[in-house]
Amino acid sequence: MSDFMLPDIGEGIVECEVVEWRVAEGDRIEEDQPIVEVMTDKALVEITAPEAGVVTKLYVAQGKIAKVHAPLYAYQAENDTQEAGATEQANEPQSPVADADSGSAKAVEQAAVASSTCSLSTSSGKIPASPAVRRLVREHQLELTAIAGSGKDGRVLKEDVLAHLNQPSADPTQAPSQVTQGAQLPRVEPLRGVRAVMAKRMVEAASSIPHFHYGEEIDVTDLLALRERLKPRVEALGERLTLMPFFMKAMGLAVTEAPIINAQLNAEANELHYYEQCNIGMAVDSKAGLLVPNVKGVERLTLLDIAREVGRLTIAAREGRVDQADLKGGTISISNIGALGGTYAAPIINAPEAAIVAIGKTQWLPRFDEQGEVQRRAIMTITWAGDHRFIDGGTIARFCNAWKGYLEAPETMLLHLG
């Protein structure tokens, strides 16, 4: 029997939460089969089996914390199992009756194993359900086996859990007054993983960095028209063209006019480190919490290249499976609150970066043209936050004007294509 030790799953990570076991004790596993999902302070990580065999023990219960380099589960390797079986068979006396009935005996044994596996799966609560549903079940101190699943193959859905909670109490002795007059108990959820890291980093950034906020309106009427013209060509290549690639490309160009926006202050606050490569992060509201993967070197990428990266990182972040490399090395960030309907925000800097912009929703509003005539224009509101230790109002205003210029006249970006 071998113990599987929880390996290093990220720089500086020493523990993680077991979100969902994909196997139960006694289950047969194959090499590279998904065994368990764990939540680190960065993302959701899927751990697979190193070799085929049989799971003999799960050391860490679902919802509990596992330590790096500590046993996670035990298993009997397939080779060890086969050798043990061959030794036992060699030591047993053979008989003609046994040989004649070997086929039927094997069938009975397989049926017994199948029955045992089904029983084990049921008793261990191995019922189809997503990690979010299992978490909801744990929060309300319920058992999956007590909830009727309406999904495929009996899968328990969120609606099934809520319907179960709304059922009247089965205890006839419980008076309604006991429920209505009792004190309301809060639902308690441990702050772990990405959310715990976000809480720590936001407090550090807000308390240690003096924020300077700067708001502006950008007329994106021409940008929206250009995007509509390009969308069919991009979609024909199997990609999706949002406004984010334009925001990023324009920002990468504007940084060349204000390189201090792409700089970072060292921990001692006595040196400025300037970065030639502009790595723009985008805040994604994932199931694991807020993640900010970044697109590397946007200044040298085409719009199509950026669109591909934005699509890849968005899918990975929403699934909570972003690679560590995609989360490191950011130099400036974008928070697209407008995607959810927000108009204004006061974003907190993603330290050690120097600036972050919150993009509000686009609204069709009346605006005067150069001749004084009222026109219908697409207006997007944005709010910058800069590190006021080395970025002043004039600097961020000039940078924003350069960025705004590229977005309001997107054809000017063609002048900078390599």
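The structure contained in this document is the topic of the report that follows. Keep in mind that what you see is a predicted model, and the values were worked out from it rather than measured.

The next thing to look at is the packing of aromatic side chains. By the definition in use, this model includes six aromatic pairs. Consider the rings of Trp384 and Trp403, whose centres lie 5.5 Å apart with planes at 75 degrees: the pair is edge-to-face. Taken together, the residues span a long stretch of sequence, with Trp384 in strand β18 (residues 374–387) and Trp403 in helix α12 (residues 393–408) at a distance of 19 residues. The same class applies to Trp384 as to Trp403, namely buried. The ring centre of Trp364 lies 4.1 Å from the NZ or CZ of Arg376, which sits over that ring.

Counting buried positions over the 14 residues of β18 gives 10, a clear majority of the element. Bridge count for strand β9 (residues 211–219) against β18 is nine bridges, and the pairing is antiparallel. Counterpart to His211 in the pairing with β18 is Asp387. The hairpin formed by strand β17 (residues 355–368) and β18 contains five residues between the paired strands, and Gly372 there has a positive phi angle of roughly 85 degrees.

All right, on to the nonpolar core then. Side chains of a nonpolar character, in soluble globular proteins, are inclined to be buried together. Membership of the largest hydrophobic core comes to 62 residues, with the highest contact counts inside it found for Phe247, Met248, Trp384 and Trp403. Those elements that provide at least two residues to this core are α8 (221–236), α9 (244–255), β12 (280–282), α10 (303–318), β16 (332–335), β17, β18 and α12. In contact with Met248, other than residues within four places in its own chain, are Ile280, Met282, Val295, Val298, Ile306, Val310 and Ile334. Core analysis: the second largest hydrophobic core is formed by 22 residues, Ile13, Val38, Ala66 and Leu72 among them.

Bringing the sheet that holds strand β4 (residues 34–39) into the picture now. Ordered by their spatial adjacency, four strands build an open sheet running β5-β4-β2-β7, and the pairing between neighbours is antiparallel. Looking at which strands have only one partner, the edges of the open sheet turn out to be β5 (44–48) and β7 (65–67). For this sheet, the mean angle separating the axes of adjacent strands, direction not counted, is 45 degrees. Across four bridges, strand β2 (residues 15–21) lies against β4 in antiparallel orientation. Along β4, the bridge assignment pairs Glu17 with Met39.

A few words now on helix α7 (residues 193–208). Between its terminal C-alpha atoms α7 stretches 23 Å, which fits the 22 Å expected from 16 residues at 1.5 Å a residue. Of all the residues in α7, the buried ones are Gly193, Val194 and Ala205. For α7, the arc enclosing every buried residue in end-on projection is 60 degrees, short of the 170-degree limit, so these residues lie on one face. Away from its buried face by more than 90 degrees, α7 exposes Lys200, Val203 and Ser207. Summarising the contacts, the buried residues of α7 are in contact with β4, β9 and β14 (289–291).

Looking now at α10. The end-to-end C-alpha distance of α10 is 22 Å, a good match for the 22 Å that 16 residues give at a rise of 1.5 Å each. Residues Ile306, Ala307, Val310, Leu313, Thr314, Ala316 and Ala317 constitute the buried set of α10. Of the surrounding secondary structure, the elements contacted by the buried residues of α10 are α9, β12, β13 (284–286), β14, β15 (294–295) and α11 (324–327).

A separate point is the sheet that holds strand β8 (residues 71–77). The sheet built from four strands is open, its strands ordered β1-β8-β6-β3 with antiparallel pairing. One side of each edge strand has no neighbouring strand; the edge strands of this open sheet are β1 (2–5) and β3 (28–29). Bridging between strand β6 (residues 53–58) and β8 involves five bridges; their strand directions are antiparallel. From the neighbouring strand, Gly53 faces β8, where its bridge partner is Ala77.

How each quantity is defined
Residues numbered from 1 in each chain as written. Predicted model: local features only at pLDDT ≥ 70, side-chain atom pairs only at ≥ 80, totals over all residues. Heavy atoms only, no water. Phe/Tyr/Trp six-rings, centres within 6.5 Å; stacked < 30°, edge-to-face > 60°. Helix = DSSP H or I, 4+ residues; strand = E, 2+ residues; numbered from the N terminus. Buried < 20%, exposed > 50% of the residue type's maximum accessible area, 1.4 Å probe, protein only. Lys NZ or Arg CZ within 6 Å of the ring centre and 35° of its normal. Pairing = 2+ DSSP bridges. Core = buried A, V, L, I, M, F, W, Y, C linked by side-chain atoms within 4.5 Å. Contact = heavy atoms within 4.5 Å. Axes fitted to C-alpha atoms, helices over the stretch in contact; angles between N-to-C directions. Expected span 1.5 Å × (residues − 1). Arc of directions from axis to C-beta.

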